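Secondary and tertiary structure notes
One letter stands for each residue in the lines below.
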Amino acid sequence: IAYKLEAAAESFGGVAEFEEPFGIVSDVDGNLVLSMFSDGRSIGIQEYAPDGSRTTWVESTFKWDAMDFGADGMLYAVRGVRALFRFAEGGTQETFAVVDDNTVKLDAIAFDASGNIWTGGRSANLYRIDADKTVTGFPFEADVTDLVVADGVLYATAAIDGSSGVWKFPIDGSGGIGSGELVIDV
């Protein structure tokens, strides 16, 4: 029987063998924005148009672990320290908010429908950062690697005591979360 196979994935954007991408997000126009290393050093935050062409979105000497766009069009990012940063296209890094715990290393970020920023990493908490930069911690002692908000629920991929999984935290009417429920045990 003759049949045609379609590739499940294809090369995109001409990323070279010596380049390493981090922290990918898409904007409202369908462009991909990511932190890029070349030969072991940062070459900034790059933007890839749907046709695969690349431009520098903003200069940066850091590796950004996770990024997301806010409703204000600004790019918010974390890089394994206790601060949340933001950028305007072509602008410079601005410290947006700082978690008041020197041991925190933020590695993940997501916005909820109310415009709050959720972040986490190697920490005893997940953090909500409000538009006025108020930081509120919610207990979740884990190594959080990614966050996403969908249908009023905050999902976290994390490792606890060497076991990985996905936890869900419904966001309540006051913008808070309770204890998480393990929904996928990896």
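Anything mentioned here points back to the structure above.
Here we summarise the structure given alongside this text.

Cut-offs applied
Residues numbered from 1 in each chain as written. Predicted model: local features only at pLDDT ≥ 70, side-chain atom pairs only at ≥ 80, totals over all residues. Heavy atoms only, no water. Helix = DSSP H or I, 4+ residues; strand = E, 2+ residues; numbered from the N terminus. Rg over C-alpha atoms; globule rule 2.2 N^0.38 Å. Buried < 20%, exposed > 50% of the residue type's maximum accessible area, 1.4 Å probe, protein only. Areas by Shrake-Rupley, 256 points an atom, 1.4 Å probe, with all protein chains shown as cover. Polar contact = N/O pair within 3.5 Å; in protein donor to acceptor, adjacent residues only side chain to side chain. Contact = heavy atoms within 4.5 Å.

Now for the overall build of the protein chain. Secondary structure assignment for the protein chain yields 0 helices and 14 strands. In the protein chain, the succession of α and β elements from N to C terminus is β-β-β-β-β-β-β-β-β-β-β-β-β-β. A compact globule built from 186 residues would reach a C-alpha radius of gyration of about 16 Å, and the protein chain, at 18 Å, matches this within 12%. For the protein chain, the spread of C-alpha atoms along the principal axes amounts to about 50 × 50 × 30 Å. Taken over 186 residues, the protein chain has a buried fraction of 43%. For the protein chain, the accessible surface area stands at approximately 10,200 Å², while carbon and sulfur atoms represent 49% of it.

Looking at the secondary structure, you find Ser60 in the loop between strand 4 (54-58) and strand 5 (66-69). Given the relative accessible area of 11%, Ser60 is considered buried. Among the polar contacts listed, one links the side chain of Ser60 to the side chain of Trp64, at a separation of 2.8 Å. Setting aside residues no more than four positions away along its own chain, Ser60 makes contact with Ser42, Ile43 and Gly44.

Geometric descriptors of this kind do not, in isolation, establish any biological role.
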